Amino acid sequence: MIVMEASATAEQIAAVVDEIKSCGLKADICRWDYQTVIGPIGDEKRLPFALLETFPGVKEARVTDMPYKLISQEYSGFSGKDGHRRAIQIGKVVVGDDEPVFIAGPCAVESQSQLFRIAEGVKKAGAHILRGGVFKPRSSVHSFQGLGGEDWQKAEEVLKWLSDAGQQFDMPVITEVRGEAQLDLLAEYVDILQIGARNMYDQDLLAAAARKKKPVLLKRHFGAGVEELLSLAEYIAAEGNKDIILCERGIVPVGKGKNYTRYMLDLAAVPVIKKETYLPVIVDPSHATGRRDLIFNMSCAAVAAGANGLMIEVHYDPGQALVDGKQMITPEELKGVIAACRNISELVAAKGS
Ligand code: PEP
Ligand code: MN
């Protein structure tokens, strides 16, 4: 990466970028409050670092041999105690500051009335962002694919419900984009694009979603290590979009015999990710456990681990939900989770000061 002097001019920055481009690489320009950093995208070995260091306005030019440099703490150049944190503004909501953010709603939108009733419930419980699946990633083609799976017209109708519910209850909305073909339509209606665990490795989808210039929530694949998650998130950053929220949602459990949880929640990943990157990280205890009786405890634990927020599946009648009923909690229960998490977050912040 190339760190510019605080006084570097636009021409000096442009000269460095031109040199990088002439070597066949792309360049990311990041203007932080306290310095401008230029991150070459591509094979850094092709760059003349010694020469670059002599360019006017360059403070330092160094090889950064890591797969996720653009989202790394190092790239931010911040050396404070807890590292730099990127706060992502989504409407009136900020993800990545000291307050945990709660994303809640149904696994799948089932009807307009179901969505509005849940939206009202989660808002009253204290949620900030409304979720609702329109295109569901299902293992079987015979399972309910989400209402968006019916046809394109239906998908648009459901997305309008989602956007209307968000407006009525004053919450930004998020839904999963299951493939590139859905991107244009979804980006018209939602505030955050969710890339699900199964698509974490789809580089083209990640890059295309990034180009929509909306925040992207990237879920960790259940078989991926933290380094892989961060390396794939770099594909979003490389498009110039650093509004990335990472989400730990459980990895494949180990051991023979019955697994008592759907996945294994890797909570240590939360502080690890916060040490490695400046991006906010949230936890999804719903998919991680698959059990509504564990949501309260694991939500508290996630906030204690430093999570910047939670994504929780909610239904007023979980037994009747078309998808993931076993892991859904009611709006009333969500209220208790949010209250407890707020207390824990304050305790954790006080200890850190
Ligand atoms: C979801 O959040 O709706 C979902 C399917 O989660 P994941 O991609 O983590 O399985
Ligand atoms: Mn679900």
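Residues numbered from 1 in each chain as written. Chains lettered and ligands numbered in written order. Predicted model: local features only at pLDDT ≥ 70, side-chain atom pairs only at ≥ 80, totals over all residues. Heavy atoms only, no water.

### Some points on the overall build of the chain
- Assigned secondary structure in the chain consists of 12 helices and 14 strands.
- Compactness check: the chain gives a C-alpha radius of gyration of 21 Å against a globular reference of 20 Å for 353 residues, within 12% of the reference.
- For the C-alpha atoms alone, the extent of the chain along its principal axes is close to 65 × 50 × 45 Å.
- In the chain, buried positions account for 56% of the 353 residues.
- Within the chain, contacts between residues separated by at least 24 positions form 66% of all contacts whose residues are at least 6 apart in sequence.
- Summed over its atoms, the accessible surface of the chain is roughly 15,500 Å², and 50% of this surface lies on carbon and sulfur atoms. (Helix = DSSP H or I, 4+ residues; strand = E, 2+ residues; numbered from the N terminus. Rg over C-alpha atoms; globule rule 2.2 N^0.38 Å. Buried < 20%, exposed > 50% of the residue type's maximum accessible area, 1.4 Å probe, protein only. Contact = heavy atoms within 4.5 Å. Areas by Shrake-Rupley, 256 points an atom, 1.4 Å probe, with all protein chains shown as cover.)

### Some points on the site of ligand 1
- By nearness alone, every residue bordering ligand 1 is listed as Arg131, Lys136, Pro137, Glu176, Gln194, Gly196, Ala197, Arg198, Lys219, Arg249 and His287.
- Within the side chain of Arg198, a nitrogen or oxygen atom sits 2.8 Å from an oxygen atom of ligand 1.
- In isolation ligand 1 exposes 300 Å². Once the protein is present, 97% of that is buried.
- Residue classes in the shell around ligand 1 are distributed as 2 nonpolar, 3 polar and 6 charged. (Near = heavy atom within 4 Å. Polar contact = N/O pair within 3.5 Å; in protein donor to acceptor, adjacent residues only side chain to side chain. Nonpolar A, V, L, I, M, F, W, Y, C, P; charged D, E, K, R; others polar.)

### A few points about a negative patch on the surface
- The grouping of Asp97, Asp98, Glu99 and Glu346 at the surface amounts to a negative patch.
- For Glu99, the position within the fold is in the loop between β6 (93-95) and β7 (101-105). (Patch = residues over 30% accessible without salt bridge, like charges linked within 9 Å, V, L, I, M, F, W, Y side chains within 5 Å. Salt bridge = Lys/Arg side-chain N within 4 Å of Asp/Glu carboxyl O. Lys, Arg positive; Asp, Glu negative; His and termini not counted. Charge placed at Lys NZ, Arg CZ, Asp CG, Glu CD.)

### Quick look at the coordination of the manganese ion (ligand 2)
- On the protein side, the manganese ion (ligand 2) has Cys107 (SG), His287 (NE2), Glu313 (OE) and Asp324 (OD) as donor atoms, found 2.0 to 2.3 Å from it.
- Read N to C, the donor residues that coordinate the manganese ion (ligand 2) are spaced as C-x179-H-x25-E-x10-D. Residue Cys107 is found in the loop between β7 and α4 (112-125), and its partner Glu313 is found in strand β14 (residues 309-313); the two are separated by 206 residues along the sequence. You'll find Cys107 and Glu313 in the same group, each marked buried. (Donors = N, O, S within 2.8 Å, 3.2 Å for Na, K, Ca; no water.)

### Side note on the layout of surface pockets
- Approximately 810 Å³ is the volume attributed to the largest pocket.
- Only α3 (73-76), α9 (269-276) and α12 (331-352) provide two or more residues apiece to the lining of the largest pocket.
- Considering only residue class, the lining of the largest pocket consists of 8 nonpolar, 8 polar and 9 charged.
- Approximately 500 Å³ is the volume attributed to the second largest pocket.
- In terms of lining, the second largest pocket is formed by 22 residues, of which the most central are Ile41, Gly42, Pro67, Lys69 and Glu234.
- Only β3 (36-41), α7 (203-210) and α8 (226-237) provide two or more residues apiece to the lining of the second largest pocket.
- Within the lining of the second largest pocket, the residues separate by chemical class into 9 nonpolar, 4 polar and 9 charged.
- Summarising the domain contributions, the lining of the second largest pocket has at least three residues from each of domain 1 (2-65) and domain 2 (88-352). (1 Å grid on protein atoms, 1.4 Å probe; cavity = no way out; pocket = protein on both sides within 12 Å on 5 of 7 lines; lining within 4 Å. Points joined across faces, edges and corners; volume = space filled by probe spheres on them. Domains from an automatic or database assignment.)

### Points about the sheet that holds strand β2 (residues 26-31)
- Pairing in this open sheet of 4 strands is antiparallel, and the strands run β2-β3-β1-β4 from one edge to the other. Among the strands making up the open sheet, the edge pair consists of β2 and β4 (58-61). Taking the axes of each pair of neighbouring strands and ignoring which way they run, one obtains an average angle of 20° across the sheet.
- Here 2 bridges tie strand β1 (residues 2-4) to β3, and the two strands are oriented antiparallel to one another. In the strand pairing of β3, Val3 is matched with Val37. (Pairing = 2+ DSSP bridges. Axes fitted to C-alpha atoms, helices over the stretch in contact; angles between N-to-C directions.)

### Some remarks on the domain arrangement of the chain
- Taken domain by domain, the chain comprises domain 1 (2-65) and domain 2 (88-352).
- Computed from C-alpha coordinates alone, the two centres of domain 1 and domain 2 are separated by 36 Å.
- Taken together, the contacts link 4 residues of domain 1 with 5 residues of domain 2.
- When domain 1 packs against domain 2, the two sides together hide about 310 Å² of surface, and 59% of this comes from carbon and sulfur.
- Its largest share of buried area at the contact with domain 2, domain 1 owes to Asp28, Trp32 and Ile41, together 82% of the area lost on that side.
- Put simply, domain 1 and domain 2 have 1 salt bridge between them.
- Asp28 is the partner of Lys242 in a salt bridge, and the nearest nitrogen-oxygen pair spans 2.9 Å.
- At the junction of domain 1 and domain 2, the tally comes to 1 residue pair in polar contact (both at pLDDT 80 or more).
- By residue class, the composition of the side of domain 1 that touches domain 2 is 3 nonpolar, no polar and 1 charged. (Buried area = accessible area lost by both parts, 1.4 Å probe.)

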